[in-house]
Amino acid sequence: MNLKEALLYDTLDDDRVRCNICQRRCIIEPGVIGYCSTRLNENGKLYTLIYGQVSTWKVAPAEIKPLFHFYPGGNFLSFGSLGCNFRCIGCQNWEIAHVMLEGISTKGKGGWYLPDTHALYIPPQQACELAKKHGCDGISWTYNEPTLWFEYTLDTAKLAKEEGLATNYVTNGFITTAALDMIGPYLDAFRVDIKGFDAEFYKKIANVSNFKGILEVTERAKYKWDMHIEVITNIIPGYNDDDEQLSNIAKWIYTSLGMDTPWHLTRFIPHLKLSDVMETPVLTLEKAREIGVKAGLKFVYLGNVPGHRWENTYCPKCNNLLIERDNYRILQYNLSNNKCKFCGEYIYIKSRDAD
């Protein structure tokens, strides 16, 4: 494995280091890896173990992220790597997000090694070339937490912007302000998980003690770096489906991000340690949507319910259908230069046809 020195870390006494990429800010002893299992302290220097290591890549529509108001109908070359700084007990991508927890901690004769994941090495320039070759509108870092891939995503995002490619993070939002500010000039969209609005819930689900930093970083991404923001909440029965949490999320989006910010409420599908939890009833999702609408949000969507009318975008002024979706495909698009074709209302969407 080729190690690459990490960015944003402090050197401490006794060859310890403090990682400043995510809000855990791990203090890592020599010869030890951090909580995410992707960063190694080797003799007082911090290294990333996953630079350019791609576990998954494919061309995928913006809608699958989901990003409904960012290049609708567009395609993004979507990359995933390995590891995570959360420990979500219902993670749907646990095969790659949790894979680093085993195997990486053993140092053999050849040095530190990745688990047998069949990861490919794709350097930044090649990533951009692949995106253009496949006719993509941009590059998305997704499937596992892109913050852990920071050095690689930063290098690739810089090249992508030079090539006229859009960029986006599909993220849990636990990035530090310092890291956000470093990649901010090169990142166009920030699709962020707000999993709940309760410290106990975040601790139980993701082993995160303080979620308020996620909110602050998301606001900074919008107002300092003018990133396009879309929020997703995966509603888990018995965990975060209570009116209080949902109301608080909706109020925060309205007051801190604005009424035009899309909020995606997605159906929970049982995985991992939550395999015994039922799928989210559609009625629960519809009730959650009503909470968002009552809070003043214009665009509240339901996800993982193909064919449901609230997968679509409607004009908040005349209520006509603007964008009809079916399983991530766009069937109708009734916007011109971001204006409703029926009444002329401006719709907050970053699209290729906008002036």
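Refer to the structure presented above.
All of the points below concern the structure found in this document. The model shown is predicted, which means the values in this text are computed figures rather than measured ones.

Here the focus is the environment of tyrosine 169. With respect to the helices, strands and loops of the structure, tyrosine 169 is situated in strand 14 (residues 166-171). Remark: the alpha-carbon pair of tyrosine 169 and arginine 191, spanning 22 residues in sequence, is separated by 6.1 Å. Aside from chain neighbours lying at most four places away, what touches tyrosine 169 is Trp141, Pro146, Thr147, Phe150, Thr153, Ile175, Ile183, Leu187, Ala189, Phe190 and Arg191. Polar contacts involving the side chain of tyrosine 169 include one to the side chain of threonine 153, which spans 2.6 Å.

As a further point, take the nonpolar core. Among the nonpolar cores identified, the biggest contains 85 residues, and Phe79, Phe86, Trp141, Phe190, Ile194, Val231 and Trp263 are the most heavily contacted of them. It is helix 7 (residues 243-257) that provides the largest number of residues to this core, a total of six residues. Aside from chain neighbours lying at most four places away, what touches phenylalanine 79 is Val54, Thr56, Trp57, Ile122, Ala127, Ile139, Ser140, Trp141, Thr142, Tyr143 and Trp149. If you look at the next biggest cluster of nonpolar residues, it comprises 10 residues, including Cys315, Leu322, Ile323 and Ile349.

For any two helices packed against each other, one specifies the crossing angle of their axes together with the interaxial distance. Packing of helix 7 against helix 8 (residues 282-294) brings their axes to within 9 Å, and their N-to-C directions diverge by 40 degrees. Here helix 7 is positioned oblique relative to helix 8, judged by the angle of their axes. Between helix 7 and helix 8 the crossing geometry is right-handed. For the pair helix 7 and helix 8, the contacting residues are Asp243, Leu246, Ser247 and Ala250 in the first and Lys287, Ala288, Ile291 and Gly292 in the second. Taken together, the residues of the contact of helix 7 with helix 8 sort by class into four nonpolar, two polar and two charged.

What follows concerns the environment of glycine 138. Positionally, glycine 138 belongs in strand 13 (residues 138-141). Glycine 138 gets classed as buried once you look at its relative accessible area, which sits at 0%. In the structure, glycine 138 is positioned 126 residues away from histidine 264 in sequence and 22 Å away in space, judged by C-alpha atoms. Filtering out sequence-adjacent residues up to four positions away, glycine 138 remains in contact with Asn75, Phe76, Leu77, Ala131, Leu165 and Ala166.

Let us now look at the pattern of salt bridges. All chains considered together, the criterion is met by 12 salt bridges. A salt bridge links lysine 132 to glutamate 163; the shortest N-O distance between them is 2.7 Å. Taken together, the residues lysine 132 in helix 2 (residues 124-133) and glutamate 163 in the loop between helix 3 (150-162) and strand 14 connect sequence positions 31 residues apart. Given a relative accessible area of 45%, lysine 132 falls into the partly exposed group. Across the salt bridge formed by arginine 220 and aspartate 181, the nearest N and O atoms sit 2.7 Å from each other. Residue arginine 220 is found in helix 6 (residues 212-223), and its partner aspartate 181 is found in helix 4 (residues 177-183); the two are separated by 39 residues along the sequence. Among the residues examined, arginine 220 registers a relative accessible area of 30% and is labelled partly exposed. Salt bridges here are not isolated pairs; linked through shared partners, they connect Arg191, Asp193 and Lys195.

Rules behind the numbers
- Each chain carries its own residue numbering, running from 1 in the written order of its sequence.
- Since the coordinates come from a predicted model, pLDDT governs what is reported: local features require at least 70, and pairs of side-chain atoms require 80 or more to be given and counted, while whole-chain, interface and lining totals use all residues.
- For the side-chain quantities, the full set of heavy atoms in the structure was used; hydrogens and water were omitted.
- Runs of E in the DSSP output that reach at least two residues are strands. Runs of H or I that reach at least four are helices, and both are numbered from the N terminus.
- Contacts: residue pairs with any heavy atoms within 4.5 Å of one another.
- Side-chain atoms alone can form a polar contact between residues adjacent in sequence; in general such a contact is a pair of N or O atoms within 3.5 Å, and within protein one must be able to donate a hydrogen while the other accepts it.
- Among the buried residues, those of types Ala, Val, Leu, Ile, Met, Phe, Trp, Tyr and Cys that are joined through side-chain atoms within 4.5 Å form a nonpolar core.
- Under the scheme applied here, a residue whose accessible area is under 20% of the maximum for its type counts as buried, over 50% as exposed, and between as partly exposed, the area being computed with a 1.4 Å probe on protein chains only.
- Every axis in this analysis is a line fitted to C-alpha atoms, fitted for helices over the stretch in contact. Angles between the N-to-C directions lie between 0 and 180 degrees.
- For classification purposes, angles smaller than 35 degrees are called roughly parallel, those larger than 145 roughly antiparallel, those between 65 and 115 roughly perpendicular, and all remaining angles oblique.
- By definition, turning the near helix anticlockwise from the far helix through less than a right angle yields a left-handed crossing, and turning it clockwise yields a right-handed one.
- Amino acid classes used here: Ala, Val, Leu, Ile, Met, Phe, Trp, Tyr, Cys and Pro are nonpolar; Asp, Glu, Lys and Arg are charged; the rest, including Gly, are polar.
- Salt bridge criterion: a side-chain nitrogen from Lys or Arg within 4 Å of a carboxyl oxygen from Asp or Glu.

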